[in-house]
Amino acid sequence: MNHPDRLRAAIAEDGTTPLIGVFDMFSASAAAQHYDGMFVSGFGFAASHYGLPDIGFIAWPDLVAFVQRLRLAFPAQHLLVDIDDGYVDPETACHVVQHLEAIGASGVILEDQKRPRRCGHVDGKQVLPLEEYLDKLTMVLESRRDLVVVARTDATEEAEILRRAKALAATDADVVLVDGVRSVDSIRKVREVIGDKPLLFNQIAGGKSPRLSLPELGALGVDVAIYSTPCLFAAQTAMDAALTGLKAADGRLPEFTADSVGVAECLALLEKNISRHHDRDGAPKMPVTS
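For every chain, the first residue of its written sequence is number 1, and the numbers climb from 1 along that sequence. With the structure being a predicted model, the display of local features is reserved for residues of pLDDT at least 70 and the display and counting of side-chain atom pairs for 80 or more, all residues being used for whole-chain, interface and lining totals. Each side-chain value is derived from all of the structure's non-hydrogen atoms; neither hydrogens nor water enter the calculation.

## Brief notes about the pattern of salt bridges
For salt bridges, the criterion is a side-chain nitrogen of Lys or Arg within 4 Å of an Asp or Glu carboxyl oxygen. For the structure shown, the criterion picks out 17 salt bridges. Close ionic contact of Arg117 with Glu111 constitutes a salt bridge, the shortest N to O distance being 2.7 Å. Between Lys189 and Glu158 there is a salt bridge, with the nearest N and O atoms lying 3.2 Å from each other. Here Lys189, found in helix H8 (residues 184-193), pairs with Glu158, found in helix H7 (residues 158-169); they are 31 residues apart in sequence, far enough to count as distant. Think of it in three bands: with a 1.4 Å probe and only protein chains considered, a residue is buried below 20% of the maximum accessible area for its type, exposed above 50%, and partly exposed in between. Take Lys189: its relative accessible area is 27%, and that puts it in the partly exposed class. Helical segments are the DSSP runs of H or I of at least four residues, strand segments are the runs of E of at least two, and each set is numbered from the N terminus.

Rendered as structure tokens:
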């Protein structure tokens, strides 16, 4: 199964392809019940694996190990992986890309930030000189076989955004991403300067970009939408509410109802991830009925 080509085909379809940000195996298990594609979010992975903000703490072997577990449990899902700045050094970026391709990743996102790096939707971002980033991007593109590569700029001034977006579109990168884009008008301008190159849009709750539906994004010519944090932020909200309620009830669990998740419901979700339960094409096997 060629995972990069499957992702390319999805990107080429009409409309906007959604990829849902996952931060651990359990969030991925939930996301797989609703969507065909996952985004391995640096924000979510830093939060889940280290309990730290997304400012450069991720060690690439940890991320590779996570993607390997994801691919075994979810053989039919698109897996787009955030590799930040390629872990600074271009040689490291190429090494990580080849690792990820070997274990079945569908694609990667490589940004043009310099250290100290930041989440794309916060202030204080700094970018590499364009030629330095293009050299790194070219090395990555030459090191892959089929892997989808998304070229990302974190520039914040409009003229520089458009200059970089046009330069990224002229490379062999498969997709262009301007992170933290602040308006619909800005999306239109980026779409115009990159020509026919596929465009990716990143939405994050509380971030700088406008809240847009998939049909709205499709009308703007956006080919892919990544949703970095809905699972992470929902987990924080739900866990806080559950523990606040437990404390208020002096430790008595809430009544179990038909809408609740308990042991059986949780196990039913997780058992789908066992490899022997997957067909050869990666889809979950249908249960046998008499």
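So, next bit.
## Overview of the packing of aromatic side chains
Any pair of Phe, Tyr and Trp rings, taking the six-membered ring for Trp, is counted once the centres come within 6.5 Å. Such a pair is stacked with planes under 30 degrees apart, edge-to-face with planes over 60 apart, and tilted for the rest. Under the defined criterion, the tally for this structure stands at 3 aromatic pairs. For the pair Phe45 and Tyr50, a centre-to-centre distance of 6.0 Å together with 90° between the ring planes defines the contact as edge-to-face. By relative accessible area, which is 26% here, Tyr50 ends up partly exposed. With centroids separated by 5.3 Å and ring planes inclined at 20°, the aromatic side chains of Phe45 and Phe66 adopt a geometry described as stacked.

## With respect to the sheet that holds strand S5 (residues 148-153)
Sheet architecture is closed into a barrel: 8 strands sit in the order S1-S2-S3-S4-S5-S6-S7-S8, paired in parallel fashion. Looking at each pair of strands side by side, their axes are set apart by 25° on average, direction ignored. Strand pairing requires that DSSP identify at least two bridges connecting the strands. In this structure, strand S1 (residues 17-22) lies alongside strand S8 (residues 224-227), joined through 4 bridges in parallel fashion. In the sheet register, Leu19 faces S8, and the bridge partner there is Ile226. On top of the sheet, helix H6 (residues 130-143) reaches strand S4 (107-111) and S5; it is set at about 170° to S5, its chief contact. For helices, the fitted axis covers only the stretch in contact; all axes are lines through C-alpha atoms, and the angles between them, taken along N-to-C directions, range from 0 to 180 degrees. Note on contacts: a residue pair qualifies if any of its non-hydrogen atoms lie within 4.5 Å across the two residues.

## Focus on the pairing of S4
The buried fraction of S4 is high, at 5 of 5 residues. Of the two faces of S4, both are covered, the one formed by Gly107, Ile109 and Glu111 as well as the one formed by Val108 and Leu110. Whether a crossover is right-handed depends on one test, that the path from the first strand over the helix to the second runs clockwise when the strands point away from the viewer. Note on the crossover from strand S3 (residues 78-82) through helix H5 (residues 90-102) to S4: the handedness is right-handed. Looking at chain direction, S4 and S5 are connected through 5 bridges and run parallel. Bridge pairing links Leu110 to Ala151 in S5.

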